Amino acid sequence: MTEPSAETIDAAAPTASAAPAAQQRPAVRGHVLALVTVLVWAVTFVSTKVLLVHLAPIEILFFRFVIGFAALALLRPRILRVQDFKEERWFMLAGATGVTLYYLLENIALTFTTASIVGVVVAAAPLFTGLASAAVLKERLRAPFFVGFAVAMAGVCLVSFAGGAAGALAGEGIGQAGLVGVGLALAAAGTWAVYSIVTKKLSTFGYDSILVTRRTFAWGLAFMLPTLPILGFSPDWASLAAPEMWGNLVFLGLGASALCFVTWNMAVKELGPVKTSLYIYLVPALTVMASAAVLGDPLTPPVIAGVLLTIAGLFLSERGK
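Each residue is numbered by its place in its chain's sequence as written, counting from 1. Totals for whole chains, interfaces and linings use all residues, but because this is a predicted model, local features are given only for residues with pLDDT of at least 70 and pairs of side-chain atoms are given and counted only at 80 or more. Only hydrogens and water are set aside when side-chain values are computed; all heavy atoms of the structure are taken into account.

1. Side note on the side chain of Thr 310
Next up, step 1: Within the secondary structure, Thr 310 sits in helix α13 (residues 301-319).
Next up, step 2: Note on contacts: a residue pair qualifies if any of its non-hydrogen atoms lie within 4.5 Å across the two residues. Beyond its immediate stretch of four places on either side in the chain, Thr 310 contacts Ala 152, Gly 155, Val 156, Tyr 281 and Leu 282. Only DSSP runs of H or I with at least four residues qualify as helices, and only runs of E with at least two residues qualify as strands; both kinds are numbered from the N terminus onward.

2. Concerning the environment of Ala 222
Next up, step 1: For Ala 222, the location among the structural elements is in helix α9 (residues 209-224).
Next up, step 2: Sequence separation between Ala 222 and Gly 95 is 127 residues; the distance between their C-alpha atoms is 8.5 Å.

3. Thoughts on the pattern of salt bridges
Next up, step 1: The working definition used for a salt bridge is a side-chain nitrogen of Lys or Arg within 4 Å of a carboxyl oxygen of Asp or Glu. Scanning all chains against the criterion turns up four salt bridges.
Next up, step 2: Between Glu 88 and Arg 215 there is a salt bridge whose closest N-O contact spans 2.7 Å. One end of the pair, Glu 88, is in helix α3 (residues 85-109); the other, Arg 215, is in helix α9, and 127 residues separate them in sequence. There is no split in this pair, since Glu 88 and Arg 215 are both buried.
Next up, step 3: Between Lys 275 and Glu 318 there is a salt bridge, and its shortest N-O distance comes to 3.6 Å. Think of it in three bands: residues with accessible area under 20% of the maximum for their type are buried, residues over 50% are exposed, and the middle band is partly exposed, with areas taken using a 1.4 Å probe on protein chains only.

4. Details of empty space enclosed by the protein
Next up, step 1: Here a cavity means grid points, on a 1 Å grid over the protein atoms only, where a 1.4 Å probe fits yet cannot get out; a pocket means an open set of points with protein on both sides within 12 Å along at least five of seven lines; lining residues are those with an atom within 4 Å of a point. Grid points are joined across faces, edges and corners, and a volume is the space filled by probe spheres set on the points. Tallying each qualifying case throughout the model produces one cavity of 30 Å³ or more.
Next up, step 2: Its boundaries defined by the atoms lining it, the largest cavity holds a volume of some 90 Å³.
Next up, step 3: In this structure, the largest cavity is lined by Thr 199, Leu 202, Ser 203, Tyr 207, Ser 209, Val 212, Asn 265, Met 266 and Lys 269.
Next up, step 4: Within the residue set of the lining of the largest cavity, elements represented by two or more residues are α8 (175-203), α9 and α10 (243-271).

5. Details of α13
Next up, step 1: Between the first and last C-alpha of α13 there are 28 Å, a value that for 19 residues agrees with the 27 Å anticipated at 1.5 Å per step.
Next up, step 2: Buried within α13 we find Val 303, Gly 306, Val 307, Thr 310, Gly 313, Leu 314 and Ser 317. Projection of α13 onto a plane perpendicular to its axis shows the buried side chains occupying an angular sector of 125 degrees, all on one side. Opposite the buried face of α13, at more than 90 degrees from it, the exposed residues are Pro 301, Leu 308, Phe 315 and Arg 319. Here, expected helix span is obtained from the residue count minus one, scaled by 1.5 Å. It is the directions from the helix axis to the C-beta atoms that the arc portrays.

6. With respect to helix α5 (residues 125-136)
It helps to recall that an α-helix has 3.6 residues per turn; residues three or four apart then point in one direction.
Next up, step 1: Between its first and last C-alpha, α5 extends 16 Å over 12 residues, near the 16 Å set by a 1.5 Å rise per residue.
Next up, step 2: By the burial criterion, the buried members of α5 are Ala 125, Pro 126, Leu 127, Thr 129, Gly 130 and Ser 133.

7. A short note on the packing of aromatic side chains
Next up, step 1: Each Phe, Tyr or Trp ring, with Trp reduced to its six-membered ring, pairs with another whose centre is within 6.5 Å; inter-plane angles below 30 degrees give stacked pairs, above 60 give edge-to-face pairs, and intermediate values give tilted ones. This structure, assessed with the given rule, holds 23 aromatic pairs.
Next up, step 2: Taken together, the aromatic side chains of Trp 41, Phe 65, Tyr 102, Tyr 103, Trp 192, Tyr 195, Phe 217, Phe 261 and Trp 264 make up a single cluster linked through ring pairs.
Next up, step 3: The rule for a charge over a ring is simple: NZ of Lys or CZ of Arg within 6 Å of the ring centre, and within 35 degrees of the ring normal. One Lys or Arg, Arg 215, reaches over the ring of Phe 91 and ends 5.7 Å from the middle of that ring.

Structure, rendered in structure tokens:
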């Protein structure tokens, strides 16, 4: 056997180095998509705050997903034909968990306790997703994942409670109603973990991401319809004519729903449910920064420290997956 010449080695080198680069591109794209998603979701809290003046949470939820479904239907005006009912059940589960149950549990939790507490508890979704992935997908979690969770949650608590919620909590106690709210928020976080696993399963079917998201919205709205009269769906139609009302609803429907669910599903496909869910840690920090930019809320030293801790926790958890 003759040894390869220098020219042969040089010619093969670019091919060998190109393979890792090609493997890295989807991962980079997945991180960018996840970051864009949480950036938009962080601003939704500011937008929702404006809408809550005239609309109930269930009304905002219903309208945003109707707008999102209509936008995706216009973007992909064709029917997604699934192979059988076994596949359809995964779409039904995605709609039930990612659209109906998660948002209903979160909104109802807000009626029992403060938005700060709900935000902290829901930010634990990456931990639930990691545990669910370890149990269902047999993914291995190492120590840095759990250390990162602790660091990120410390940052989330600093960010969420820096405005005085911590003092109020310490002075008054969380109370029985507050415990109900925490329980509902925990259920919401667990529900999002299930949705993340289901999204990973949907990505294996090979369907167009926009069509997958549209079908998920359809099932979510179908499951939501029976709850509307129970939760007091009775919108003030006249108020919707105001520019700040329909403008924020369009933002929630097109940006936070139609766009972000597509980008989130694509990120899960590229990175997996655990790595993608880690970006949820950033939502409270980004929300505070958006509130400072849009509403003029102050950025205090504890808030800045909390943001830095959250980012550090994200990177630590990333190393543990």
